[in-house]
Amino acid sequence: MFSRYKRHVFSFGLLMLGSMLCSYNVALKEDPSLCRPPCVYGQFSLPGMTKCRKWLDCYEIETEMQLPKLLLGTGMKEVWLGQWMNQSIVQLQIKQPYLDTYSTTLSNYLLFQNNPFFSQVIGYCEKSFGLVVEYYQHGDSSQLNNILLATNLSYSPRAQQIRFQLCIDYVKIIAFLHSQNKYMCDTNNLCKLSTQYLMTDDLRLVLGDVDHLQEAGTKCPSWFVKDMKFEPPEAKPIYRSKCIHAWISNEECSKELKKSQFTADIWKIPDVCLLYLGENRLTGVIADNRSERIAQRLLPIHSKCKRLDPTERPDAEEVLATYLQIQSELFK
């Protein structure tokens with residue numbers, strides 16, 4: 001069935017040991033490295049596995065999985081923590097009123113497998129409207145401060161490297177989405193956005209919620225809650241202005257909307273990065289001096305991102321190149 005979905009396979013710079021991908025688990029003291037084989041589209045692997053396995057089908061999901069704990073029950077889907085072959089996994093279950101969205105949701109999750117910027121699919125069952133994905137024990141990036149505290153990294157010199165790496169990971173994902181002509185519709189407030197990105201064992205970002213990933217240049221649903229302090233100043237529905245006129249072509253409106261969506265993403269980058277660097281959103285203060293120094297180095301590129309004229313903002317590739325240059329200078 002999955003052959004109709006576009007396939008993308010990418011490397012992520014993970015440590016290669018022989019034919020295995022290995023990452024460092026900051027939560028483990030005795031055995032810090034977790035290895036798994038790299039897999040092709042339609043297969044998955046989990047830490048400790050020596051061979052890839054095909055995505056689980058309906059029968060395997062029904063007979064081999066246990067779902068003892070509901071993690072989240074709000075919104076369009078339920079999120080269950082379960083077990084498969086002594087491995088923790090997560091099942092996403094579309095709720096009854098939203099079953100018509102399942103096909104789109106499934107295609108979004110399958111689209112970029114096995115790209116390590118995205119949460120890994122373990123299997124799915126169309127007849128039950130379910131999708132199984134990898135479990136990320138650290139949760140989402142809104143819990144970063146708690147994660148660093150729990151892993152005894154809050155006051156470690158590594159903390160600033162980890163925080164800045166998350167900024168880089170975020171911009172890499174945005175740059176990739178733009179290169180694929182994709183846009184996230186439900187990133188209209190910082191709190192919501194930070195919960196959509198999950199933290200891997202080695203504290204890197206993956207995009208875990210792609211329910212509302214869609215083609216750039218197409219209109220997003222109007223019911224998403226917006227935080228106008230987070231949104232760019234030009235964030236007004238493009239279709240209320242010139243695109244309501246009959247003489248404006250749909251193609252022209254689509255191009256204009258795509259530009260608006262991409263420049264809105266750029267406007268948000270400084271806020272996301274400062275959140276990862278530990279800025280208090282109410283006071284605007286970064287308590288750690290080392291993170292504050294990183295923020296000061298980022299001020300020129302962040303000022304460009306916040307230009308009131310969206311046409312003067314850099315694209316994601318320019319922001320990424322600047323971030324990488326600063327990283328090489330600060331963490332030699």
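Here the structure is a predicted model, which means the values were calculated and not measured. Residue numbers restart at each chain and count upward from 1, following the sequence in its written direction. The predicted nature of this model means local features are confined to residues of pLDDT at least 70 and side-chain atom pairs, given and counted, to a pLDDT of 80 or more, with totals for whole chains, interfaces and linings taken over all residues. Working from all heavy atoms in the structure, the side-chain values ignore hydrogens and water.

1. Comments concerning the overall build of the protein chain
Line of reasoning, step 1. Secondary structure summary: the protein chain contains eight helices and 14 strands in total.
Line of reasoning, step 2. Partly exposed residues are those whose accessible area sits between 20% and 50% of the maximum for their type, while under 20% is buried and over 50% is exposed, using a 1.4 Å probe and protein chains only. The buried share among the 332 residues of the protein chain stands at 50%. A helix here means a DSSP run of H or I that spans at least four residues, while a strand means a run of E at least two residues long, and both kinds are numbered starting from the N terminus.

2. Let's talk about the pairing of strand β7 (residues 77–84)
Line of reasoning, step 1. As judged from the five bridges shared by strand β6 (residues 65–72) and β7, these two strands associate in the antiparallel manner. Following the sheet pairing, Leu70 is matched in β7 by Trp80.
Line of reasoning, step 2. Strands are labelled as partners when DSSP assigns at least two bridges between them. Counted along the chain from β6 to the antiparallel partner β7, the turn is four residues long, and its residue Gly75 has a positive phi close to 75 degrees.
Line of reasoning, step 3. Relative to strand β8 (residues 87–94), β7 is paired through eight bridges, and the arrangement is antiparallel. Residue Trp80 lies in a different strand from β8, and its bridge partner there is Gln91.
Line of reasoning, step 4. Linking β7 back to β8 in an antiparallel pair, the connection comprises two residues, with Met85 at a positive phi of about 50 degrees.

3. As for the packing of aromatic side chains
Line of reasoning, step 1. A pair of Phe, Tyr and Trp rings is counted when the ring centres sit within 6.5 Å of each other, with Trp represented by its six-membered ring. The angle between the planes then sorts it: under 30 degrees is stacked, over 60 is edge-to-face, the rest tilted. Overall, the coordinates contain ten aromatic pairs when judged by the stated rule.
Line of reasoning, step 2. A centroid spacing of 6.1 Å and a plane angle of 65 degrees characterise the contact between Trp55 and Tyr124, whose relative ring orientation is edge-to-face. Residue Trp55 is found in the loop between β5 (53–54) and α1 (58–64), and its partner Tyr124 is found in strand β9 (residues 121–125); the two are separated by 69 residues along the sequence.
Line of reasoning, step 3. For Tyr124, a relative accessible area of 10% translates into the label buried.
Line of reasoning, step 4. Consider the rings of Phe117 and Phe176, whose centres lie 6.3 Å apart with planes at 55 degrees: the pair is tilted. Here Phe117, found in the loop between α2 (102–111) and β9, pairs with Phe176, found in helix α4 (residues 158–179); they are 59 residues apart in sequence, far enough to count as distant. Pair check on accessibility: Phe117 and Phe176 agree, each one buried.
Line of reasoning, step 5. Ring pairing ties together the aromatic residues Phe112, Phe117, Phe118 and Phe176, which thus form one cluster.

4. Things to note about the state of the cysteines
Note on terminology: a disulfide is the covalent bond linking the sulfur atoms of two cysteines.
Line of reasoning, step 1. Two cysteine sulfurs form a disulfide in these notes if their separation is within 2.5 Å. Scanning the entire structure with this criterion turns up four disulfides.
Line of reasoning, step 2. Paired through a disulfide, Cys39 and Cys52 show a sulfur-sulfur distance of 2.1 Å. The disulfide joining Cys39 to Cys52 has a torsion of about -95 degrees about its S-S bond and is therefore left-handed. Of this pair, Cys39 sits in the loop between β3 (33–36) and β4 (43–44) while Cys52 sits in the loop between β4 and β5, and the two are 13 residues apart along the sequence.

5. Quick word on the sheet that holds β9
Line of reasoning, step 1. Ordered in space as β6-β7-β8-β10-β9, the five strands form an open sheet in which the pairing is antiparallel. Of all the strands in the sheet, the pair left with one neighbour each is β6 and β9. Averaged over all neighbouring strand pairs, the angle between strand axes comes to 25 degrees, with direction disregarded.
Line of reasoning, step 2. Its contacts with the sheet put α2 on β7, β8, β9 and β10 (130–134), and the angle it makes with β9 is roughly 155 degrees. Interaxial angle, 0 to 180 degrees, is taken between N-to-C directions of lines fitted to C-alpha atoms, where a helix line uses only the stretch in contact. Note on contacts: a residue pair qualifies if any of its non-hydrogen atoms lie within 4.5 Å across the two residues.

6. Remarks on the confidence of the model for the protein chain
Line of reasoning, step 1. Known as pLDDT, the predictor's confidence for each residue is given on a scale from 0 to 100. Looking at the protein chain, the pLDDT average stands at 87 and 86% of residues meet or exceed 70.
Line of reasoning, step 2. The low-confidence segment residues 1–18 (pLDDT under 50) makes 46 contacts with residues lying over four places distant or belonging to another chain.

7. Some points on the nonpolar core
Line of reasoning, step 1. In this text, buried Ala, Val, Leu, Ile, Met, Phe, Trp, Tyr and Cys residues form a nonpolar core when linked through side-chain atoms within 4.5 Å. In this structure, Tyr170, Leu177, Tyr197, Tyr276, Leu277, Leu298 and Tyr323 are the most contacted members of the largest nonpolar core, which totals 76 residues.
Line of reasoning, step 2. Tallying contributions element by element places α4 first for this core, with twelve residues.
Line of reasoning, step 3. Beyond its immediate sequence surroundings of up to four residues, Tyr276 is in contact with Ser141, Leu144, Arg163, Leu166, Cys167, Tyr170, Tyr197 and Leu205.

8. Considerations on the pattern of salt bridges
Line of reasoning, step 1. Salt bridges are defined as contacts in which a side-chain nitrogen from Lys or Arg sits within 4 Å of a carboxyl oxygen from Asp or Glu. Under the criterion given, the structure shown has 16 salt bridges.
Line of reasoning, step 2. For the salt bridge of Lys306 with Asp271, the shortest nitrogen-to-oxygen distance reads 2.4 Å. Of this pair, Lys306 sits in the loop between α7 (289–305) and α8 (316–330) while Asp271 sits in helix α6 (residues 250–276), and the two are 35 residues apart along the sequence.
Line of reasoning, step 3. Classification of Lys306 as partly exposed rests on a relative accessible area of 25%.
Line of reasoning, step 4. Among the residues examined, Asp271 registers a relative accessible area of 18% and is labelled buried.
Line of reasoning, step 5. Close ionic contact of Glu329 with Arg297 constitutes a salt bridge, the shortest N to O distance being 2.3 Å. You can see Glu329 sitting in helix α8 and its partner Arg297 sitting in helix α7, a full 32 residues away along the chain.
Line of reasoning, step 6. A residue is classified by how much of its surface remains accessible, and Arg297, at 36% relative accessible area, is partly exposed.
Line of reasoning, step 7. Ionic contacts of the salt-bridge type, sharing partners, join the residues Lys77, Lys192, Asp209 and Asp211 into one network.

9. Observations regarding the side chain of His178
Line of reasoning, step 1. As for its placement among the helices and strands, His178 is situated in helix α4.
Line of reasoning, step 2. A polar contact is formed between the side chain of His178 and the side chain of Asp265, at a distance of 2.8 Å.
Line of reasoning, step 3. Setting aside its immediate chain neighbours within four residues, His178 contacts Phe262, Asp265, Ile266 and Ala316. The term polar contact refers here to a pair of N or O atoms within 3.5 Å; inside protein, the definition further demands a hydrogen-donor-capable atom paired with an acceptor-capable atom, and it admits residues adjacent in sequence only when both atoms are side-chain atoms.

10. Some words on α6
Line of reasoning, step 1. Expected helix span is computed as 1.5 Å times (number of residues minus one). Compared with an ideal rise of 1.5 Å per residue, which puts 27 residues at 39 Å, α6 spans 38 Å between its outermost C-alpha atoms and is within 8% of the ideal.
Line of reasoning, step 2. Residue Lys268 marks the point of greatest curvature in α6, where the axis turns by about 35 degrees; the proline Pro270 follows within four residues.
Line of reasoning, step 3. Gly278 sits one or two residues past α6 and shows a positive phi near 100 degrees. One axis is fitted to the seven residues ending at the residue and one to the seven starting there. The bend at that residue is the angle between these axes.

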